[in-house]
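The residues making up each chain are set out below.
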Amino acid sequence: MATESVHDVALTLHDQLPILQLVVPFLAAPLVMVVGAGRGVAWLIAFLASLAAFAISALLLAQVIDGGFLSYQIGGWAPPLGIEYRIDAVNAFLLFLISGVSTLVLPFAYESVKAEIAERNQALFYTCYLLCFAGLLGVTITGDAFNVFVFLEISSLSTYAIIAAGADRDRRALTAAYDYLVMGTIGATFFVIGLGLLYMMTGTLNMGDLADRIAPQTDNRTIQAAFAFIVVGMGLKIAIYPLHLWLPNAYTYAPSAVTAFLAATATKVAVYVLLRFSFSVFSPGFAFENYTYELIILPFAILAMFAASFIAIFQTDLKRMLAYSSIAQIGYMLLGLSLMNASGLAATMVHLFNHGITKAVLFMGVGALTLRAGSSFYASIRGMGRAMPLTAAAMVVGGLSLIGVPGTAGFISKWVLVQAAFEKGWWPVAFLIVLSSLLAVVYVWRFVETLYLHEPARDAAEAPLTMVVPIWITALACVWFGINTDITMTAANTAAETLLSGSTGLAEPSPWTSALPAGEASH
Amino acid sequence: MNVIDLILYAMAFPALAAVTNGIFRNSPNLRDGITLALAVLTFLIVVTIYSITGNETTEPVALLDMLPGVPLAFNVEPLGLLFALVASGLWVVTHLYGIGYMRGHHEGHQARFFACFGIAISSVMGIAFASNMLTLFLFYEVLTLSTYPLVAHHGTPEAIRGARIYLSILIGTSIALQLTAIVWTWVLAGTLDFRLGGILEGHVAGPIVAVLLGLYAFGIGKAALMPFHRWLPAAMVAPTPVSALLHAVAVVKAGVFTMLKVGVYIFGIDFLAQTGASEWLMWLAAFSILAASIVAMTKDNLKARLAYSTVSQLSYITLGMALATSMGVLGGGLHIAMHALGKITLFMCAGAILVGAHKSEISQMTGLGRVMPITFGAFLIGALSIIGLPPLGGSWSKWLLIVGAADAGQQIMIAVLMISSLLNIAYLLPIVGRGFFLSDPANAGPVKEAPFLCWAPPAFTAACCLAVFFYAGDIVDFLSPIAGHGPETVAGVSE
């Protein structure tokens, strides 16, 4: 059913926001390669594209933060045959995170990339970066299951390339990228097998349409197999605990800017895809799905929280430590998902965002330390708190957020997650959550002591302003979203409700964009 | 002027002191002068709040939503106001003492030191005026983090080890236990506001109440309830002004203050009395009181002995809450002020002895009383107040706690409090006796006190210990709303 008001068919820019979100970085990518050599220009184009994407995502989020969704039909072809972009609070929130982090990481990247990547590769680097960025946005924005796979591959392939770009600094980046390539491809293959099975059973690829057709046949083995393939495939991309092996090396050897960007966005997008399939394609009441989460994902999530945190404690390289901490934090997100209630999903959503900005601060901080100290080993960054007071202080803020100290974004995530566990009546799980965050205290305090309580290993200057400013903006965001949760919790709660209410169904054909309130759109 | 504005100023000025210490780090006199002015100003603001509100409880004012339904909000109520008055007043005294001590002892990083001090006081104001548990928890953690650099101040392996214990116990208990308790309370009651009579009644029953109380009691690590008391002795590696203000007044009192707040405003003393949920806590507090006193006797290091004495005295306040009688709660509230004055005197004296005579072990202080008569005199008065002898302030709080124990029908607790007084005598008075009545050629010589700013502040607080003996009735009247009745029914001390 279309909205009652006469929709303005005129192609106002505003109506085209969903596609512009994607087209801007996509077109910027080849442009960067063409202008090439002038490195400053390449960077500038990338930054402007990212900034524009950020503005667009903020406008999109503002439209859907209180519920409802936008449906955009590519080329005017109506779904399910045409490809539909569908934006609701869930993915608008993610788009906002991805483009926001990218916009903060790029200024940081300017000096970092100059120092870490050979000059001849820099234009190509920015091209791949933009492709990766656009791919992640595409995965998030689309309402078409196969389109998810396409964008996933675009972002993955360019991710392998930008991780390998770390080879100019450390040759091990090549094997790390190769590892990720193998594992990521297996994941993508599993995912596409799952899609194939779904297509076989339903004959459609539009998510809303899929949901309608899956609902009556959830006992079907093929549908269940499809679900299993999709979960495992995405599990590899998310780095769910036993499938996490690619992550530590990839994060450790990738260029600093890449790690900061990927850690804050790539795994989050994969979690989003899992969420989307679990709730909007398969319905939340799907028994097979509930068992999968309760009996398989939940134990692994808890295992990740403890095992990965424990491993993180004994690392000697700060960057690698943070990589393991990411695996542990992914455990929290999956735990919220496994609770299968509104506050659990809200916890997952808000943690996607909060952990994204937290890790962005920390990995950018590591990048700044690496720039001045040569590496991120504890031995070489000891005492750097005195030489680089601004960077180190921001990293302490990030560390506190990682622990979940009140007044930081991480605290909000933990609060909602513990609350969700209590509401579900799983109080031992609630206790395990707080207990595992004590391990975070240990690994965070290890680097805080290293930075502050040792004699400096070397003389160094503070990081350049182009690094310190984005680091501090992100650090202040960690604090701001820790004491004022107006945006984050509203978005997370709306997202959780949207997800729990299941599929919004197939959108009615209408020219270009139609804004539908959630209630009217459901069949 | 608005009360909420005043509260924000009371938090902003100490925080501002942190900034000015950073800016003027290289000009000590200007830096310390500004901090002193800000300390005095903070105290005056708290006094102004008192003159406006008296012992009324004001309406909470919300600033922003920390979580949906749980705002960052502040209000004034008697217990918090008393705590704020004590902490801000003693900050002025301790700052003067700190200047004397840090310079007299040639400590490094003084700007950083006083800056962290400012943040700590700022968060204490936040704790005192918080109007819900989450706001309180926020500042509770800020206090822990801002005092960590103070404990690690010397940067020696010993200091780092001490700071590590300090942080791991305080952060560990607060995150693992207190946070769990707060979220649980939120899920059960749907609110975290501090309301007289509690918010939990009707939402929870049976043994769960005792479990929840346990999560709070152990989660409030700053109250140093055994077995989570190790951080306090560990924190004694810090310079003495830290031990004096933070670990005799601000940090530990923030702990027991939170304990009282939870007892009075989250559970409600009537609810605790009905369910008997706090009875086990009463026994544990009694154990903590006696055990810590006995450990204190074995310590030769003066600051370590005082630290264990603090562990013991803090449990008095926990005991007052656990008795779940109005007298017990009033006694606990009064003890916050009385013990603060007594213990800060003792710590400042310990620092003065260290600066003046370079002695930290009790066994080396033989005959020192004749060399430092004012310091040892102040120490004696502080010690007598801690023991609870009239005419010193400490006697009233102990009196009220005993009345509270009698009201609750717990005769054994009366005995515990009595035995504790005897133990206090046994570990505090020999120090003074050794100083005045024994002689040691190594410590002979003319009268030679520590610098003026090291001995004058303890002498002043010792005089305060004496003065508050005569005003204890007023303080109890002031606190009476938290016990749920008017001043006329408070027997014994009003006259």
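This one's a predicted model, so the numbers in the text were calculated from it and none came from an experiment.

Conventions we followed
- Residues numbered from 1 in each chain as written.
- Chains lettered and ligands numbered in written order.
- Predicted model: local features only at pLDDT ≥ 70, side-chain atom pairs only at ≥ 80, totals over all residues.
- Heavy atoms only, no water.
- Helix = DSSP H or I, 4+ residues; strand = E, 2+ residues; numbered from the N terminus.
- Rg over C-alpha atoms; globule rule 2.2 N^0.38 Å.
- Buried < 20%, exposed > 50% of the residue type's maximum accessible area, 1.4 Å probe, protein only.
- Contact = heavy atoms within 4.5 Å.
- Areas by Shrake-Rupley, 256 points an atom, 1.4 Å probe, with all protein chains shown as cover.
- Lys, Arg positive; Asp, Glu negative; His and termini not counted.
- Charge placed at Lys NZ, Arg CZ, Asp CG, Glu CD.
- Axes fitted to C-alpha atoms, helices over the stretch in contact; angles between N-to-C directions.
- Parallel < 35°, antiparallel > 145°, perpendicular 65-115°, else oblique.
- Left-handed = near helix turned anticlockwise from the far one by under 90°.
- Nonpolar A, V, L, I, M, F, W, Y, C, P; charged D, E, K, R; others polar.
- Phe/Tyr/Trp six-rings, centres within 6.5 Å; stacked < 30°, edge-to-face > 60°.
- Lys NZ or Arg CZ within 6 Å of the ring centre and 35° of its normal.
- Buried area = accessible area lost by both parts, 1.4 Å probe.
- Salt bridge = Lys/Arg side-chain N within 4 Å of Asp/Glu carboxyl O.
- Expected span 1.5 Å × (residues − 1).
- pLDDT = per-residue confidence, 0-100.
- Bend = angle between axes of the 7 residues up to and from the residue.

Visitor: Any details on the overall build of chain B? Residues and values, ideally.
Guide: Secondary structure summary: chain B contains 18 helices and two strands in total. Rg of the C-alpha trace for chain B: 21 Å, near the compact-globule value of 23 Å for 495 residues, within the 12% margin. The principal-axis extents of the C-alpha atoms in chain B amount to approximately 70 × 55 × 45 Å. Scored against the burial criterion, the 495 residues of chain B give a buried share of 64%. Within chain B, contacts between residues separated by at least 24 positions form 80% of all contacts whose residues are at least 6 apart in sequence. Just so you have it, chain B exposes about 15,400 Å², and 67% of that area is on carbon and sulfur atoms. Side chains of chain B carry 20 positive and 22 negative charges; the gap between the two charge centres is 18 Å.

Visitor: I'd like to hear about the packing of helix 13 (residues 342-373) of chain A against helix 19 (residues 465-483) of chain A, residue by residue, with values.
Guide: All names here are of chain A. One can describe the packing of helix 13 onto helix 19 by two numbers: an axis separation of 9 Å at closest approach and a directional angle of 150°. Judged on the interaxial angle alone, helix 19 and helix 13 are roughly antiparallel. Taken as a pair, helix 13 and helix 19 cross one another with a handedness that is left-handed. Across from Phe353, Asn354, Ile357, Thr358, Ala360, Val361, Met364, Gly365, Ala368 and Leu371 in helix 13, the residues of helix 19 making contact are Met467, Pro470, Ile471, Thr474, Ala475, Ala477, Cys478 and Phe481. Of the residues in the contact of helix 13 with helix 19, the class split is 14 nonpolar, four polar and no charged.

Visitor: Which residues make up the packing of aromatic side chains, and what are the values?
Guide: Pairs of aromatic rings are described using the distance from one ring centre to the other and the angle between the two planes. Applying the stated criterion to the full structure yields 40 aromatic pairs over all chains. Centre to centre, the rings of Phe411 of chain A and Phe137 of chain B are 6.0 Å apart; their planes meet at 40°, and the pair counts as tilted. One end of the pair, Phe411 of chain A, is in helix 17 (residues 409-424); the other, Phe137 of chain B, is in helix 5 (residues 133-151), on a second chain. You'll find Phe411 of chain A and Phe137 of chain B in the same group, each marked buried. One residue, Arg86 of chain A, lies across the ring of Phe69 of chain A, its end atom 4.5 Å from the ring centre.

Visitor: Please give an account of the interface of chain B and chain A that cites residues and values.
Guide: With 28 residues of chain B in contact, the opposing surface of chain A contributes 29 residues. Of the roughly 2,600 Å² buried at the junction of chain B and chain A (both faces included), carbon and sulfur atoms supply 80%. Between Arg164 of chain B and Glu449 of chain A there is a salt bridge; the shortest N-O distance is 2.6 Å. Within the residue set of the side of chain B that touches chain A, elements represented by two or more residues are strand 1 (61-67), helix 5 and helix 6 (157-189) of chain B. Considering every element that reaches the side of chain B that touches chain A, the biggest residue donor is helix 6 of chain B, with 15 residues.

Visitor: Run through helix 7 (residues 207-219) of chain B, naming residues and quoting values.
Guide: All names here are of chain B. For helix 7, which comprises 13 residues, the first-to-last C-alpha distance of 18 Å matches the rise-based estimate of 18 Å (1.5 Å per residue) to within 8%. What helix 7 keeps buried is the set Val209, Leu212, Leu213, Gly214, Leu215, Tyr216, Ala217 and Gly219. At its buried positions, helix 7 is contacted by helix 5, helix 6, helix 9 (240-267), helix 10 (269-275), helix 11 (279-298) and helix 12 (302-322).

Visitor: Could you give an account of the confidence of the model for chain B, naming the residues involved and the relevant values?
Guide: All names here are of chain B. Across chain B, the average pLDDT comes to 85, with 97% of residues at or above 70. Note on residues 486-495: pLDDT under 50 across the span, and 15 contacts to partners over four residues away in sequence or across chains. As a predicted assembly, this complex carries a pTM of 0.88 together with an ipTM value of 0.84.

Visitor: Pulling in residues and values, what's your account of helix 17 (residues 411-437) of chain B?
Guide: Since the α-helix turns once every 3.6 residues, residues separated by three or four places project in the same direction. Residues and elements named next belong to chain B. Across its 27 residues, helix 17 extends 38 Å between first and last C-alpha, which sits within 8% of the 39 Å expected from 1.5 Å per residue. Maximum bend of helix 17: about 30°, positioned at Leu429, with proline Pro430 one to four residues after it. Listed as buried for helix 17 are Met413, Val416, Leu417, Ser420, Ser421, Leu423, Asn424, Tyr427, Leu428, Ile431, Val432 and Gly435. In the core, the buried residues of helix 17 are packed alongside helix 11, helix 12, helix 13 (326-357), helix 14 (368-371), helix 15 (373-387) and helix 16 (394-407).

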